[in-house]
Amino acid sequence: MEYRGNLSKMRIEPDKPVHYFLKLGGNEIFMNALVGQKISIRYKGIIHCIVCGRRIKKIYGEGFCYPCFISSPLNSECILRPELCLAHEGKGRDAAWEDENHNKPHIIYLAQTSDIKVGVTRTTQIPTRWLDQGAWKAVKIALTPYRYLAGMIEIFLKKQLIDKTPWQRMLKNEINENHDLYEVREKVISSLTSAFSPYILPLENEIFTFEYPVIKYPEEVKSINLDKCPLIAGILAGIRGQYLIFED
């Protein structure tokens, strides 16, 4: 079978293991069924902006043309730095978009890939956000009414925890099992100032666990750039986060 279309983020459904779906053209491919089989990806050199859809020669950020890169709310500073969000003040690149997306309840969480990281996401993005990061465990810490507050709590906790996923270690399934997620959660909660107390969730909050469709994890990891290597072919050994893991 051959499918054509713009390559984008895979849709994920929580299951045991996690289910992955890749949309290409008008098709949606169930990627789990291809694990263990030979697949190929051929890049045709055609790029379209993920916002306006026009054909472009160069990508900015996560798939934008330059005008959308500097103007779209999808690329505003508060996407990566929630503490800069102004949605609660009725401001932002697009006030209506900010109100619809960032003036909504947000979760501050701990996710464990190799090490434990702190993060922020909308409640509607749970558990998708954790699965995109390839987490094998996650737990909620706090619930805030809007993004800015969640960002302020995250800033406080980043003094103790990392806020990025070390993807190479995650793809090799290197897990630091010396940390207990509940113990880390209690420790960071006890460190929070009283101003954040109203937003803390109960300590009996559930720990979420995830499994991924991986036959074998690699001992070494090397990424492939489609600009330099427009044809990728090999046995699909697994999928984790938003990464395809090839046998070689």
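None of the values given here were measured: they were computed from a predicted structure. (Residues numbered from 1 in each chain as written. Predicted model: local features only at pLDDT ≥ 70, side-chain atom pairs only at ≥ 80, totals over all residues. Heavy atoms only, no water.)

### Looking at helix H7 (residues 181–191)
Stated precisely, the cut-off is as follows: For the exposure calls, accessible area comes from a 1.4 Å probe over protein chains only, and a residue counts as buried if that area is under 20% of its type's maximum, exposed if over 50%, partly exposed in between. In this text, helices come from DSSP runs of H or I with a minimum length of four residues, and strands from runs of E with a minimum of two, each type numbered from the N-terminal end. Within this analysis, the arc is defined by the directions that extend from the helix axis to the C-beta atoms. In what follows, a contact means two residues having at least one pair of non-hydrogen atoms within 4.5 Å. Here a polar contact is taken to be a pair of N or O atoms separated by no more than 3.5 Å, where protein atoms must pair a possible hydrogen donor with a possible acceptor and residues adjacent in sequence count only if both atoms sit in side chains.
The set of residues buried in H7 consists of Leu181, Val184, Arg185, Val188 and Ile189. In a view along the axis of H7, the buried residues occupy a sector of 130 degrees, so they form one face of it. In H7, the exposed positions that point more than 90 degrees away from the buried face belong to Glu183, Lys187 and Ser190. Buried residues along H7 sit in contact with strand E7 (106–112), strand E8 (116–122), strand E9 (137–144), helix H5 (147–157) and strand E10 (207–209). Where H7 begins, the side chain of Asp180 points an oxygen toward the backbone nitrogen of Tyr182, at a separation of 3.0 Å.

### Structural notes on the sheet that holds strand E4 (residues 38–42)
Threshold: Strands were regarded as paired on the criterion that DSSP finds at least two bridges between them. With axes taken as lines fitted to C-alpha atoms, and helix axes fitted only over the stretch in contact, angles between N-to-C directions fall between 0 and 180 degrees.
Pairing is antiparallel in the open sheet, where three strands are placed in the order E4-E11-E12. Since the sheet does not close on itself, it has two edges, and those belong to E4 and strand E12 (243–246), each with one partner. Looking at each pair of strands side by side, their axes are set apart by 65 degrees on average, direction ignored. Two elements, strand E11 (residues 231–240) and E12, share four bridges in a ladder whose sense is antiparallel.

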